[in-house]
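Remarks on the overall topology
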Amino acid sequence: MPTDLVTGAYGYTGTYLRRSLESAGHTVRTLTGHAPADADIAVFPYRFDDPGALDDAFAGVTTFYNTYWARYAPGGTSHRQAVANTAALLAAAVRMGVERVVHLSITNPDADSFYAYYRGKAEVEDLIAGSGMTYAVVRPGVIFGGADILLNNIAWLLRRFGVFGIPGDGRYRLRPVYVEDLAELCVRLGAGENDTVVDAVGPEWFTFEDLVGTIAGAIGRRFRPVHLPPAAVALLLRGLSLLTRDVVLTRDEIDGLMAELVMVEGEATCPTPLTGYLHENADRIGRDYHSELARRG
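Let us look at the structure shown here. Keep in mind that this is a model prediction, so the values were computed, not measured.

The seven strands lie next to each other as β3-β2-β1-β4-β5-β6-β11, forming an open sheet whose pairing is parallel. Only two strands of the sheet have a single partner each, and these edge strands are β3 (42-45) and β11 (196-200). On average, each strand axis in the sheet is inclined to that of its neighbour by 20°, with strand direction left out of account. Where strand β1 (residues 3-7) and strand β4 (residues 63-66) come together, three bridges link them in parallel fashion. Residue pairing in the sheet places Asp4 in a bridge with Thr63 of β4. Those strands touched by helix α2 (residues 51-58) are β1, β2 (27-32), β3 and β4, and its axis lies near 160° from that of β2.

Note that Arg173 resides in strand β9 (residues 173-174). On the basis of relative accessibility, which here comes to 22%, the residue Arg173 falls in the partly exposed class. Between the C-alpha atom of Arg173 and that of Glu209, which follows or precedes it by 36 residues, the distance is 8.9 Å. Not counting the four nearest positions on each side in its chain, Arg173 is found in contact with Trp205, Phe206, Thr207, Glu260, Met263 and Glu265. In this structure the side chain of Arg173 is engaged in a polar contact, spanning 3.0 Å, whose partner is the side chain of Glu265.

Here is what the cut-offs are and how they apply
- Residues numbered from 1 in each chain as written.
- Predicted model: local features only at pLDDT ≥ 70, side-chain atom pairs only at ≥ 80, totals over all residues.
- Heavy atoms only, no water.
- Pairing = 2+ DSSP bridges.
- Helix = DSSP H or I, 4+ residues; strand = E, 2+ residues; numbered from the N terminus.
- Axes fitted to C-alpha atoms, helices over the stretch in contact; angles between N-to-C directions.
- Contact = heavy atoms within 4.5 Å.
- Buried < 20%, exposed > 50% of the residue type's maximum accessible area, 1.4 Å probe, protein only.
- Polar contact = N/O pair within 3.5 Å; in protein donor to acceptor, adjacent residues only side chain to side chain.

The following block contains the structure:
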């Protein structure tokens with residue numbers, strides 16, 4: 001059976017990719033910065049400045065599933081450096097004869113975006129298209145399910161506070177996608193041969209205010225929205241970040257939501273509706289805070 005490499009195979013999306021590939025009978029290995037002591041697959045550490053070490057990781061690999069990126073700059077990894085690191089991964093894959101790359105991108109990447117995250121994602125997509133490998137670029141928006149960050153932590157806040165700060169008018173839209181659907185889509189595309197770019201989106205879209213209200217209704221909490229300027233919400237979230245010892249949401253992420261960067265039109269490519277998931281998992285969503293920094297640590 002084929003051997004596939006998943007970056008971050010014990011991270012959030014990488015975990016579901018690893019499981020989906022293993023269920024399909026594939027052998028999986030990983031390049032990662034963090035792996036559990038009881039990891040049951042071959043683990044190679046990120047060594048972006050050591051081409052030989054990267055070559056060892058890719059030896060014998062058929063398909064490269066890339067989830068590597070940096071949400072913000074913990075420990076000094078900028079979006080510019082994340083692009084350079086991804087270029088090193090792609091170069092090693094090409095040197096070692098990897099046939100196909102499936103890359104986890106983002107909805108609406110744009111080389112001219114105000115947001116460095118989206119500029120970097122667009123640059124990486126260009127690198128993939130020029131790599132010489134066949135490729136599938138998968139573009140999810142807001143991912144939910146399991147140990148997701150955004151939707152779980154909205155529920156966590158709703159369970160603890162009687163009011164909820166909404167940046168601006170709250171009418172900007174987003175389109176969530178279930179993490180298991182996303183992983184299965186990636187695996188299906190990995191079995192293909194054609195170059196393709198696919199938006200990974202579920203069947204429902206919401207305005208941000210409606211999304212928060214939907215989560216509140218599912219977990220049985222009253223929802224009192226308070227509309228605030230984005231700068232005021234960012235200030236409140238900085239205070240919450242001190243409480244949680246995490247980066248809850250950056251100002252760029254707030255502006256990205258308001259600019260509908262996680263919204264696309266078109267047919268659903270992933271079947272699971274958020275409303276059904278919330279109904280089935282209402283008792284556990286938001287019980288605990290999910291920390292991005294703790295996950296990386």
